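Survey of secondary and tertiary structure
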Amino acid sequence: MTNLGENRKETKIKVQVFLYLAVLGIIMTVVGNVLLLSVIYLAKTLHIPKYTIVFNLALTDLCGSTALIPKVLDTFLFDNRYIVYEACLSYMFFVWFFLNVQSWTLVIMAYDRFIAICFPLRYHSIVTKPAIAAMLLLVWIVLMTCTVGLLDRLSFCGSLVIQNFMCGMGSILDLACGDTSLISNIAFVSFVLNPCLPPILIILTYVCIAIALSRVASPKERLKAAKTCTSHLILVAVYFIPFLYSNLISDIDRDGMIITEVLPDTLPPLINPILYSLKTEEVLNCIKKLCNNMLSNITMSKKVFTAMLTKWKVLK
């Protein structure tokens, strides 16, 4: 019995250390994604379809991580296991919405890579800014509508306090009164369409890319294409593996659930700015140009201020 208590205490300490690191990760996520958003917005050379998708991913990463992590930290660090229904619905809406937008943004990224590698001559005529903007807007509208409809079809006639450390559809359904079969079916369809379908589409896309490269590309071109896809594949793996694991594996303890809930919304937003800024020559060059322009403006402002001060002294 003593060993069991010591093991639980040791596990809790490890998870607390993990969550403290997650706080540091949040700070780095905010700084990195704000920097990436600013660079893409300010640099006109990055106003192309590829970086429109990256901009959308950085925006949803920023919003999603800030929506999920504060509640998880409050739940675990302060042992706040009882969540009021209204707060839970708000929490679920923002977390589900941004997680789903992130997953479908990764699908659009895979589509961009597919067209660029398999149809390079037609890339600029197929992947246009209006087309990408329409796809991203459609994702936002459809997912927002589905999420609101999913969470707004339940009625409650008893306690509105959830005795759990995490908000989930199961906890919500336990509080609902009346027939919940419809909402259960909608939730199942939503689960299939959102966390399950995107990785399948991405895998199929890369299968097509691999087949196309094996037929026409030289070893040098294959290596070049693989490098362009590496960043996206890393994000896909880091995002979907913990997310699908937490949803498909039921035998997970409380501490394991905390970790699997935190990982999909901390690692991808943290890695995204690194993969699409520090490892991308285009973005690095834009950052250097923006920094040089800022330094030039500061230097020019100092010269103007010095000249005005000198003239004022002469007049005085």
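- Naming follows an unreviewed UniProt entry, where the chain appears as G-protein coupled receptors family 1 profile domain-containing protein of Mastacembelus armatus.

1. Quick word on the side chain of N56
- You can see N56 is positioned in helix α2 (residues 49-77).
- Take N56: its relative accessible area is 8%, and that puts it in the buried class.
- Beyond its immediate stretch of four places on either side in the chain, N56 contacts V101, T105, L136 and W140.

2. Some thoughts on the state of the cysteines
- This model, assessed by the stated rule, comprises zero disulfides.
- Its sulfur unpaired, C229 is 9.1 Å from the next cysteine sulfur, which belongs to C118.

3. Some remarks on the packing of aromatic side chains
- All chains considered together, the criterion is met by five aromatic pairs.
- Relative to F119, the ring of F114 lies with its centre 5.8 Å away and its plane at 75°, an arrangement referred to as edge-to-face.
- You can call F114 partly exposed: its relative accessible area is 22%.
- Note on F119: relative accessible area 35%, which makes it partly exposed.
- Considering the side-chain rings of Y239 and F240, the 4.6 Å spacing of their centres and the 85° angle between planes classify their relative orientation as edge-to-face. Here the two residues Y239 and F240 agree in accessibility, since each one is buried.
- Counting every residue linked through ring pairs, the aromatic cluster contains F97, F98 and W140.

4. Comments concerning a nonpolar patch on the surface
- Side chains of V17, L21, L24 and M28 sit close together on the surface and give an oily, nonpolar patch of about 380 Å² of accessible area.
- Using a relative accessible area of 47% as the deciding quantity, one classes L24 as partly exposed.

5. A few points about the environment of T205
- Note on placement: T205 falls in helix α7 (residues 181-216).
- For the pair T205 and R113, spaced 92 residues apart in sequence, the C-alpha separation works out to 8.7 Å.
- Filtering out sequence-adjacent residues up to four positions away, T205 remains in contact with A110 and F114.
- Among the polar contacts made by the side chain of T205, one reaches the main-chain carbonyl oxygen of L201 at a distance of 2.8 Å.

6. So, the pattern of salt bridges
- Per the stated rule, a full pass over the model turns up one salt bridge.
- Ionic pairing is found between R113 and D112, a salt bridge with its closest N-O pair at 2.9 Å. The pair R113 / D112 is uniform in exposure class, with both members buried.

7. Comments concerning the nonpolar core
- Counting residues in each nonpolar core, the largest one holds 53 residues, and the members touching the most others are L46, L106 and I202.
- Ranked by the residues each element gives to this core, the list is headed by helix α3 (residues 85-118), at 17 residues.
- Residues within four places of I202 in sequence aside, it is in contact with L106, V107, A110, H232, V236 and F240.

8. Comments concerning the confidence of the model for the chain
- Confidence in the prediction of the chain, expressed as mean pLDDT, is 76, and 68% of residues score 70 or more.
- Element-level pLDDT for the chain is lowest in strand β1 (residues 82-84), with a mean of 59, against a maximum mean of 91 in helix α4 (residues 123-126).

9. Re α7
- Here α7 contains 36 residues, and its C-alpha end-to-end distance of 51 Å stays within 8% of the 52 Å for a straight helix at 1.5 Å per residue.
- Along its length, α7 shows its largest kink, about 45°, at L197, and proline P198 lies within four residues downstream of that point.
- Of all the residues in α7, the buried ones are I183, A187, N194, P195, C196, P198, P199, I202, T205, Y206, I209 and L213.

Cut-offs applied
Residues numbered from 1 in each chain as written. Predicted model: local features only at pLDDT ≥ 70, side-chain atom pairs only at ≥ 80, totals over all residues. Heavy atoms only, no water. Helix = DSSP H or I, 4+ residues; strand = E, 2+ residues; numbered from the N terminus. Buried < 20%, exposed > 50% of the residue type's maximum accessible area, 1.4 Å probe, protein only. Contact = heavy atoms within 4.5 Å. Disulfide = S-S within 2.5 Å. Phe/Tyr/Trp six-rings, centres within 6.5 Å; stacked < 30°, edge-to-face > 60°. Patch = residues over 30% accessible without salt bridge, like charges linked within 9 Å, V, L, I, M, F, W, Y side chains within 5 Å. Areas by Shrake-Rupley, 256 points an atom, 1.4 Å probe, with all protein chains shown as cover. Salt bridge = Lys/Arg side-chain N within 4 Å of Asp/Glu carboxyl O. Polar contact = N/O pair within 3.5 Å; in protein donor to acceptor, adjacent residues only side chain to side chain. Core = buried A, V, L, I, M, F, W, Y, C linked by side-chain atoms within 4.5 Å. pLDDT = per-residue confidence, 0-100. Expected span 1.5 Å × (residues − 1). Bend = angle between axes of the 7 residues up to and from the residue.

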